[in-house]
Amino acid sequence: MTTQTIAVTVNGVRYERRVEPRLLLSDFLRHELSLTGTHVGCEHGICGACTVLLDGLATRSCLCLAVQADGASVETVESLGRVGALHPVQQAFWEKHGLQCGFCTPGMLMCAVELLRANPNPDRDAIVEAIGGNLCRCTGYQNIIAAVERAAELQRALPEAA
Amino acid sequence: MNTIAKAVPIPPSRQREKPGQQLKWIGKNIKRIEDPRLLTGQGRYIDDIDLPNMLHAAVCAARGRTPASSRSTSAPRRRFPASSRY
């Protein structure tokens, strides 16, 4: 199998790897870079669990080849916050019970981050639209919507938007 | 009936305080301790586990008729060389 050298910036760190052209971006993140925060649910673009930001745009990493991300910048859930220093969106999901098992959460968080960058004060319809491509089997979505509303509130209270 | 009810009067309640007065958490939302781990991508789901020399296995359904159990052991085994890789 032929391989191709790619250079991808993931969470601010530049990685250069030789990969097979068929390698998915999700598998590149999880297997090559050991960033297992990005979850693969359905592997065909239905569930949204694998959503990452590719040059700032929410992207299904299971529908994207690693070679397509050559030269691009990828942000995953690991870029947000740490235990003890959560990102406002993560803090809001915690406070509002926006997760139970947590499998869909990385995708939900990245979609929420994309939404709040473009629209710091989204109404309920905008939130529903933003997370509309992500499946959650635990929460019934109500708490996730409340969490994104709370995240917007938290980010507005910050001196500078994250 | 009436005579029994009159003979055994119902005693007054001995309760001196309202229930739950000392219980400060009932009715309150509690933040889960596992959430920060799950929110930061540190959760460990089954696909995140990578053990030394771990292999991936696939189960292949029999094609056509289901082989009889007495013959299945003598049936030629198909080899899947790729299974040891991925």
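What you are looking at is a predicted structure, and each value in this text was computed from that prediction instead of being measured.

Rules and cut-offs
Residues numbered from 1 in each chain as written. Chains lettered and ligands numbered in written order. Predicted model: local features only at pLDDT ≥ 70, side-chain atom pairs only at ≥ 80, totals over all residues. Heavy atoms only, no water. Helix = DSSP H or I, 4+ residues; strand = E, 2+ residues; numbered from the N terminus. Polar contact = N/O pair within 3.5 Å; in protein donor to acceptor, adjacent residues only side chain to side chain. Contact = heavy atoms within 4.5 Å. Axes fitted to C-alpha atoms, helices over the stretch in contact; angles between N-to-C directions. Parallel < 35°, antiparallel > 145°, perpendicular 65-115°, else oblique. Left-handed = near helix turned anticlockwise from the far one by under 90°. Nonpolar A, V, L, I, M, F, W, Y, C, P; charged D, E, K, R; others polar. Buried area = accessible area lost by both parts, 1.4 Å probe. Salt bridge = Lys/Arg side-chain N within 4 Å of Asp/Glu carboxyl O. Buried < 20%, exposed > 50% of the residue type's maximum accessible area, 1.4 Å probe, protein only. Patch = residues over 30% accessible without salt bridge, like charges linked within 9 Å, V, L, I, M, F, W, Y side chains within 5 Å. Areas by Shrake-Rupley, 256 points an atom, 1.4 Å probe, with all protein chains shown as cover. Pairing = 2+ DSSP bridges. Core = buried A, V, L, I, M, F, W, Y, C linked by side-chain atoms within 4.5 Å.

A. The side chain of A:T59, seen in detail. All names here are of chain A. For T59, the location among the structural elements is in strand 4 (residues 57-60). At a separation of 2.8 Å, a polar atom in the side chain of T59 contacts the main-chain carbonyl oxygen of L57. Once you skip the residues sitting within four places of it in the chain, T59 turns out to touch C50, T51, V52, L54 and C64.

B. Seen up close, the packing of helix 2 (residues 88-95) of chain A against helix 5 (residues 142-157) of chain A. Residues and elements named next belong to chain A. One can describe the packing of helix 2 onto helix 5 by two numbers: an axis separation of 8 Å at closest approach and a directional angle of 135 degrees. On the basis of their axis angle, the class for helix 2 and helix 5 is oblique. Considering the relative orientation of helix 2 and helix 5, their crossing is right-handed. Note on element contacts: helix 5 touches helix 2 through I144, A147, V148, R150, A151, L154 and Q155, opposite P88, V89, Q91, A92, F93 and E95. Here the contact of helix 2 with helix 5 is built from residues that sort into nine nonpolar, two polar and two charged.

C. Molecular detail of the interface of chain B and chain A. With 16 residues of chain B in contact, the opposing surface of chain A contributes 26 residues. Counting the surface lost from both chain B and chain A, the interface buries some 1800 Å², and carbon and sulfur atoms represent 55% of this. Inspection of the chain B/chain A interface yields two salt bridges. Across the pair A:R30 and B:D48 runs a salt bridge, and its minimum N-O distance is 2.7 Å.

D. Spatial organisation of the pattern of salt bridges. Applying the stated criterion across every chain yields a total of ten salt bridges over all chains. Between A:E20 and A:R22 there is a salt bridge, and its shortest N-O distance comes to 2.7 Å. Its relative accessible area of 53% is what places A:R22 among the exposed residues. Residues joined in a network through salt bridges with shared partners are A:R30, B:D47 and B:D48.

E. Quick look at a nonpolar patch on the surface. Side chains of B:I46, B:I49, B:L51 and B:M54 sit close together on the surface and give an oily, nonpolar patch of about 390 Å² of accessible area. With respect to the helices and strands, the residue B:I49 is situated in the loop between helix 2 (35-39) and helix 3 (69-72).

F. Here's a closer look at helix 1 (residues 25-32) of chain A. Residue and element names in this part refer to chain A. Counting buried residues along helix 1, six of its eight residues qualify, which places the element largely inside the surrounding structure. Within helix 1, the full set of buried residues consists of L25, S26, D27, F28, L29 and R30. Considering only its buried residues, helix 1 is in contact with strand 1 (4-10), strand 2 (13-19), strand 3 (51-54) and strand 5 (73-75). Of the residues trailing helix 1, S34 is marked for its positive phi of about 55 degrees.

G. A look at the sheet that holds strand 5 of chain A. Residue and element names in this part refer to chain A. With respect to topology, five strands assemble into an open sheet ordered 2-1-5-3-4, the strand pairing being mixed. Taken across any chain shown, the strands that pair with only one partner, and hence form the sheet edges, are strand 2 and strand 4. In this sheet, neighbouring strand axes are inclined to one another by 40 degrees on average, regardless of whether the strands run parallel or antiparallel. Alignment of strand 3 against strand 4, held across four bridges, turns out to be antiparallel. Within strand 4, the position partnered with V52 by the bridge is T59. Packing of helix 3 (residues 105-118) onto the sheet brings it into contact with strand 3, strand 4 and strand 5, and relative to strand 3 it is tilted by some 35 degrees.

H. Fine view of the nonpolar core. Core analysis: the biggest nonpolar cluster contains 30 residues, and A:V89, A:F93, A:M108 and A:L109 have the highest contact counts within it. Elements with a contribution of two residues or more to this core: helix 2, helix 3 and helix 5 of chain A together with helix 2 of chain B. Beyond its immediate stretch of four places on either side in the chain, A:F93 contacts A:G98, A:L99, A:T105, A:M108, A:L109, A:I144, A:A147, A:V148 and B:L39. Among the nonpolar cores identified, the runner-up in size contains 19 residues, and A:L23, A:L25, A:L29 and A:V52 belong to it.

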